[in-house]
Amino acid sequence: MLDLNSFDLALLDALQRNGRETHHQLAEHIALSPSQIGRRLQRLEAGGVIEGYRVVLRPEALGLAVTAFTTLRLKHHGDHVIEKFQAEIDLLPEVLECHAVVGEADYLLRIVVPDLNALSAFVMKRLMQVPGVENVRSNIVLSAFKRSNALPLHYLANRQSPR
């Protein structure tokens with residue numbers, strides 16, 4: 001894990017809020033020069049702390065009005081079955097996230113589609129057809145009041161090292 005100081009955390013926090021800010025704009029918020037910002041960004045990217053830069057789209061604004069959190073259980077759990085399952089899920093653009101979990105299900109998926117008919121077709125004709133899938137259960141989102149990809153960086157404040 002990369003050692004992060006208060007400047008690094010402030011930079012990461014600013015980027016989580018607005019990833020389009022220039023080095024000059026970031027420097028104004030963080031009290032570092034634009035060149036220092038650039039060097040820190042390079043270090044954070046090379047260290048794997050920054051995975052990439054993306055545009056966050058609102059699904060509803062694009063006609064993708066249905067989000068479902070779906071739990072899935074596999075029939076068998078051998079390495080080959082899991083690898084095949086993961087490769088198949090990776091090919092499904094409707095599945096935005098897939099997490100291996102502990103509990104009644106083996107995986108938790110976040111699925112986005114245009115409507116309930118599309119969700120039904122996706123689950124029955126695509127998801128249930130993935131080799132190894134035994135059981136699928138979906139919870140359909142009625143409304144969302146909080147969506148965030150921002151990590152709670154305040155937990156790292158106590159672990160910072162001077163730089």
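In what follows, the accompanying structure is described. (Residues numbered from 1 in each chain as written. Predicted model: local features only at pLDDT ≥ 70, side-chain atom pairs only at ≥ 80, totals over all residues. Heavy atoms only, no water.)

## A closer look at the packing of helix 2 (residues 23-30) against helix 3 (residues 34-46)
Here is the rule: Between N-to-C directions, angles cover 0 to 180 degrees, with each direction set by a line fitted to C-alpha atoms, over the stretch in contact for helices. Elements are defined by DSSP. Helices are runs of H or I of four residues or more, strands are runs of E of two residues or more, and each kind is numbered from the N terminus. Any angle from 65 to 115 degrees is called roughly perpendicular, while one under 35 is roughly parallel, one over 145 is roughly antiparallel, and all others are oblique. Here a residue-residue contact requires only that any non-hydrogen atoms of the pair lie within 4.5 Å. Charged residues are taken to be Asp, Glu, Lys and Arg, nonpolar residues to be Ala, Val, Leu, Ile, Met, Phe, Trp, Tyr, Cys and Pro, and polar residues to be all remaining types, Gly included.
Relative orientation of the contacting elements helix 2 and helix 3 amounts to 100 degrees, with a least axis distance of 8 Å. Between helix 2 and helix 3, the angle is such that the two are roughly perpendicular. Of the residues in helix 3, those touching helix 2 at His 23, His 24, Leu 26, Ala 27 and Ile 30 are Pro 34, Ile 37, Gly 38 and Leu 41. A class-by-class count of the residues in the contact of helix 2 with helix 3 yields six nonpolar, three polar and no charged.

## Section: the packing of helix 1 (residues 6-17) against helix 3
Direction vectors running N to C along helix 1 and helix 3 enclose 85 degrees, while the axes themselves pass 11 Å from each other. With respect to helix 3, the element helix 1 is oriented roughly perpendicular. For the pair helix 1 and helix 3, contact is made by Phe 7, Asp 8, Leu 11, Leu 12 and Leu 15 and by Ile 37, Arg 40, Leu 41, Arg 43 and Leu 44, respectively. Residue composition of the contact of helix 1 with helix 3, by class: seven nonpolar, no polar and three charged.

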